[in-house]
Amino acid sequence: MATKEEARRKLALVIGIGKYDYCEELQNPENDANDMSKALESIGFAVTKKLDLKRAEMRYVVIDFEESIERDDIVLFYFAGHGIQWEDQNYLIPKDTPTLNGAALNTTAINAQHILENLSDHNPYVTIFLLDCCRKYHLRNPEVDARDPDASGSKSIGLKAMSKAGSLIAFACAPGTIAIEGKGQRNGLFTKHLLEHIKTENEDIQMILRDVVKGVKQESKSKQIPFVSASLLERDIYLCSQQTKRPHKPGKYASKFYCSRLSESKDSHNNFTFESSLFLTI
């Protein structure tokens, strides 16, 4: 018989953007998105994966995903690429965002808080929101470039903490800090450790993320520490739940003797330890 977690639908939207039009190409997001999609599919998620989206494309993809959610679904959103905060709002940067000039982000980028709120409006069992987008980057400002081609342009200052009832949110690094770009590595550091743990069977998602935080902290020598914000309404949330097989329960008047050898001494073939159980139902 399937557990409640197994009976629920599991939906994931995975987006990776590395080929930006106005800044240096990122090496990891495409691999991050591909590998995360495979991992989630292997544990029963229906995954929508998209790479290198322009803003209009990303808006439609997100809306379609939101509209596919039904009550009590387990919902996971994952984004790898560039992100920035402005006036206490976090924005995910599509491949064609030309500038980071303040209010322009409302029309050139995607508001991450709006995505989280819209996902939650469909009353999922839980919303898991994973952002690997606090990477250090330089996004050129065309207006500045026209005056001074050597100007530094705009730089990331990390993300703002987020929360929403019924959600579990994780950033690659603490709010206001920058993640280490995994140059020469297949995956970003945060995603690398997510992939190591996310398929763990019968493990609560909060425990998984604790292992991820520990792994990233240790590997980066405390230079990068992921941020986790939990506002969960349910207990025991498993991404990969496997039912443990139990012995058949004897019926009325039935008796059965279970005898199993637990260990065998290395010194003698005749020196055994046994555990026996007698089940008798009257």
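Each remark here, short or long, concerns the structure printed above.
Residues numbered from 1 in each chain as written. Predicted model: local features only at pLDDT ≥ 70, side-chain atom pairs only at ≥ 80, totals over all residues. Heavy atoms only, no water.

(A) A look at the overall build of the protein. On a plain count of helices and strands, the protein comes out with eight helices and 13 strands. The proportion of buried residues among the 282 residues of the protein is 45%. Restricting to contacts in the protein with at least 6 residues of sequence separation, those with at least 24 account for 70%. Counting every atom, the protein has about 15300 Å² of accessible surface; 47% of that belongs to carbon and sulfur. (Helix = DSSP H or I, 4+ residues; strand = E, 2+ residues; numbered from the N terminus. Buried < 20%, exposed > 50% of the residue type's maximum accessible area, 1.4 Å probe, protein only. Contact = heavy atoms within 4.5 Å. Areas by Shrake-Rupley, 256 points an atom, 1.4 Å probe, with all protein chains shown as cover.)

(B) The pairing of strand β7 (residues 126–132), seen in detail. Burial analysis of β7 places seven of its seven residues in the buried class, the great majority of the element. Of the two faces of β7, the one carrying Val126, Ile128, Leu130 and Asp132 and the one carrying Thr127, Phe129 and Leu131 are both buried. Bridge count between strand β3 (residues 74–80) and β7: seven bridges; the pairing is parallel. Opposite Phe79, over in β7, you have Leu131 as the bridge partner. (Pairing = 2+ DSSP bridges.)

(C) A look at the sheet that holds β7. Ordered in space as β2-β1-β3-β7-β10-β11, the six strands form an open sheet in which the pairing is mixed. Two strands lie at the open edges of the sheet, namely β2 (46–51) and β11 (227–231), each paired on one side alone. The average angle at which neighbouring strand axes cross in this sheet is 10°, direction not considered. In terms of strand pairing, strand β1 (residues 10–16) meets β3 through seven bridges, oriented parallel. When the sheet's bridge partners are listed, Ile15 is paired in β3 with Phe79. Sheet strands touched by helix α3 (residues 55–68): β1, β2 and β3. Its angle to β1, the strand with the most contacts, is close to 170°. Strands β3, β7 and β10 (167–171) of the sheet are contacted by helix α5 (residues 112–120), whose axis makes an angle of about 160° with β7. (Axes fitted to C-alpha atoms, helices over the stretch in contact; angles between N-to-C directions.)

(D) Main features of empty space enclosed by the protein. On inspection of all chains with the given rule, the structure shows one cavity of 30 Å³ or more. Taken as a whole, the largest cavity encloses approximately 30 Å³ of empty space. Forming the boundary of the largest cavity are Leu76, Ile128, Leu130, Leu194, Ile198, Ile205, Ile208, Leu209 and Leu239. Of all the secondary structure elements, the ones that give two or more residues to the lining of the largest cavity are β7 and α8 (205–219). It is α8 that provides the largest number of residues to the lining of the largest cavity, a total of three residues. Across the lining of the largest cavity, the residue classes tally to nine nonpolar, no polar and no charged. (1 Å grid on protein atoms, 1.4 Å probe; cavity = no way out; pocket = protein on both sides within 12 Å on 5 of 7 lines; lining within 4 Å. Points joined across faces, edges and corners; volume = space filled by probe spheres on them. Nonpolar A, V, L, I, M, F, W, Y, C, P; charged D, E, K, R; others polar.)

(E) Looking closely at the environment of Phe77. With respect to the element layout, Phe77 can be found in strand β3. What makes Phe77 buried here is its relative accessible area of 0%. Leaving out residues up to four positions away in the same chain, Phe77 has contacts with Leu13, Ile15, Leu92, Ile115, Leu119, Ile128, Phe129, Leu130 and Leu131.

(F) Broad picture of α8. Here α8 is 15 residues long and its end C-alpha atoms lie 21 Å apart, about the 21 Å a rise of 1.5 Å per residue gives. By the burial criterion, the buried members of α8 are Ile205, Ile208, Leu209, Val212, Val213, Gly215 and Val216. Buried residues of α8, seen end-on, are gathered within an arc of 165° and therefore sit on one face of the element. Seen from the open side of α8, the exposed residues pointing more than 90 degrees away from its buried face are Arg210, Lys214 and Gln218. Summarising the contacts, the buried residues of α8 are in contact with β7, β10, α7 (189–197) and β11. Sitting at the amino-terminal end of α8 is Asp204, which places a side-chain oxygen 2.8 Å from the backbone nitrogen of Gln206. A positive phi of about 55° marks Lys221, the residue just after α8. (Expected span 1.5 Å × (residues − 1). Arc of directions from axis to C-beta. Polar contact = N/O pair within 3.5 Å; in protein donor to acceptor, adjacent residues only side chain to side chain.)

(G) View of the sheet that holds strand β5 (residues 89–93). Read from one edge to the other, the open sheet built from three strands follows the order β4-β5-β6, with strand pairing classed as antiparallel. Two strands close off the open sheet at either side, each with one partner strand: β4 (82–86) and β6 (110–111). Direction of pairing for β4 relative to β5: antiparallel, over a ladder of five bridges. Considered in β5, the bridge of Gly83 is made with Leu92.

(H) The arrangement of the packing of aromatic side chains in detail. What the rule picks out here adds up to two aromatic pairs. Geometrically, the ring pair formed by Phe77 and Phe129 is stacked, given 4.9 Å between the ring centres and 20° between the ring planes. Residue Phe77 is found in strand β3, and its partner Phe129 is found in strand β7; the two are separated by 52 residues along the sequence. Each member of the pair, Phe77 as well as Phe129, carries the same accessibility label: buried. (Phe/Tyr/Trp six-rings, centres within 6.5 Å; stacked < 30°, edge-to-face > 60°.)

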